[in-house]
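# Inside the fold
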Amino acid sequence: MIQFVLLFSRQGKVRLQKWFSAFSQKDKKKITREMTSTILARKPKMCNFLEWKEFKIVYKRYASLFFACAIDPNDNELIALEIIHRYVELLDKYFGSVCELDIIFNFEKAYFVLDELIINGELQESSRKSVLKSAATQDQLQEENEGMGNPIDDLIGIPK
C-alpha cells in the first residue's frame, strides 16, 4: 500500500503531496523535509528505490520534478514505479506536455487525476482512457457551474 505521494522540485519545494496514512502535521513536515533532502542528495545514476525508516521509497525524476512515493516494506517496488509512470503519463496527456508550472497553477486538477488513479493508497483505475474521461467530465461540470454564476449573487442582486 502506498503511504504517501510527494512531488517536489530539484530545489526541494513541494508541489503536491497526498497522504494515505494518518500522520501528525509535525511528522508530515519532518518526513517531507528528510525524504526530499535524502533523494536530492542521491546521484542521478543511483537506484530509484531506497529503504528509509519503516518505508521503501520509490522515486523517479521527470524533467524538473521528482515523483516519490513511500510503500510498505513488503510491497513490490516495480509496481510503485509503474504507478508513478502512469501518473506522469496521465498528467502529460491531460495537460499536453506537463511541466512544473502546470502542477503549480492547476494543482486541483493534478490532485483530481491522482485521486482517480489511486484511492486509499491502492491503484484504483489502471485505464488511462477512463481516468482522462473522468477528468474531462469534471472539467465540463466545472465550466457549466461557473457559467451559471453564484445563486447567492442572484439573490442579493449582484450582476453577472
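Residues numbered from 1 in each chain as written. Predicted model: local features only at pLDDT ≥ 70, side-chain atom pairs only at ≥ 80, totals over all residues. Heavy atoms only, no water.

Let us look at the environment of Val98. Within the element layout of this structure, Val98 appears in the loop between α2 (77-95) and α3 (100-105). Residue classification places Val98 among the partly exposed positions, given a relative accessible area of 23%. As a C-alpha pair, Val98 and Ala41 span 57 residues in sequence and 25 Å in three-dimensional space. Not counting the four nearest positions on each side in its chain, Val98 is found in contact with Leu91, Asp92 and Ile103. (Helix = DSSP H or I, 4+ residues; strand = E, 2+ residues; numbered from the N terminus. Buried < 20%, exposed > 50% of the residue type's maximum accessible area, 1.4 Å probe, protein only. Contact = heavy atoms within 4.5 Å.)

So, about the UniProt feature "domain: AP complex mu/sigma subunit" (unreviewed entry) in the protein. In the UniProt entry, the feature "domain: AP complex mu/sigma subunit" (unreviewed entry) is given for residues 1-141. Along residues 1-141 one finds 48% helix and 26% strand; the C-alpha atoms at either end are 32 Å apart. (UniProt positions renumbered as here; feature names shortened; annotations may be inferred.)

With that settled, consider the packing of α2 against helix α4 (residues 107-117). Running from N to C, α2 and α4 point in directions that differ by 135°, and their axes come no closer than 10 Å. Here α2 is positioned oblique relative to α4, judged by the angle of their axes. For the crossing formed where α2 meets α4, the hand is right-handed. Facing Ile83, Arg86, Tyr87, Leu90, Leu91, Tyr94 and Phe95 of α2, the residues of α4 in contact are Lys109, Ala110, Tyr111, Val113, Leu114 and Leu117. For the contact of α2 with α4, the per-class residue count stands at eleven nonpolar, no polar and two charged. (Axes fitted to C-alpha atoms, helices over the stretch in contact; angles between N-to-C directions. Parallel < 35°, antiparallel > 145°, perpendicular 65-115°, else oblique. Left-handed = near helix turned anticlockwise from the far one by under 90°. Nonpolar A, V, L, I, M, F, W, Y, C, P; charged D, E, K, R; others polar.)

Turning our attention to the packing of aromatic side chains. In the structure shown here, the tally under the stated rule is ten aromatic pairs. Taking the centre distance of 6.2 Å and the plane angle of 70° together, the rings of Phe23 and Phe55 count as edge-to-face. Linking Phe23 in the loop between β2 (14-19) and α1 (25-41) with Phe55 in strand β4 (residues 55-62), this pair joins segments that are 32 residues apart in sequence. Overall, the relative accessible area of 22% leaves Phe23 in the partly exposed class. Relative to Phe66, the ring of Tyr59 lies with its centre 6.4 Å away and its plane at 50°, an arrangement referred to as tilted. No difference in accessibility class separates Tyr59 from Phe66, as the two residues are buried. What links up through ring pairs into an aromatic cluster is the set Phe4, Trp19, Phe23 and Phe55. Above the plane of the ring of Tyr62 lies Lys60, whose end atom (NZ or CZ) is 5.9 Å from the centre. (Phe/Tyr/Trp six-rings, centres within 6.5 Å; stacked < 30°, edge-to-face > 60°. Lys NZ or Arg CZ within 6 Å of the ring centre and 35° of its normal.)

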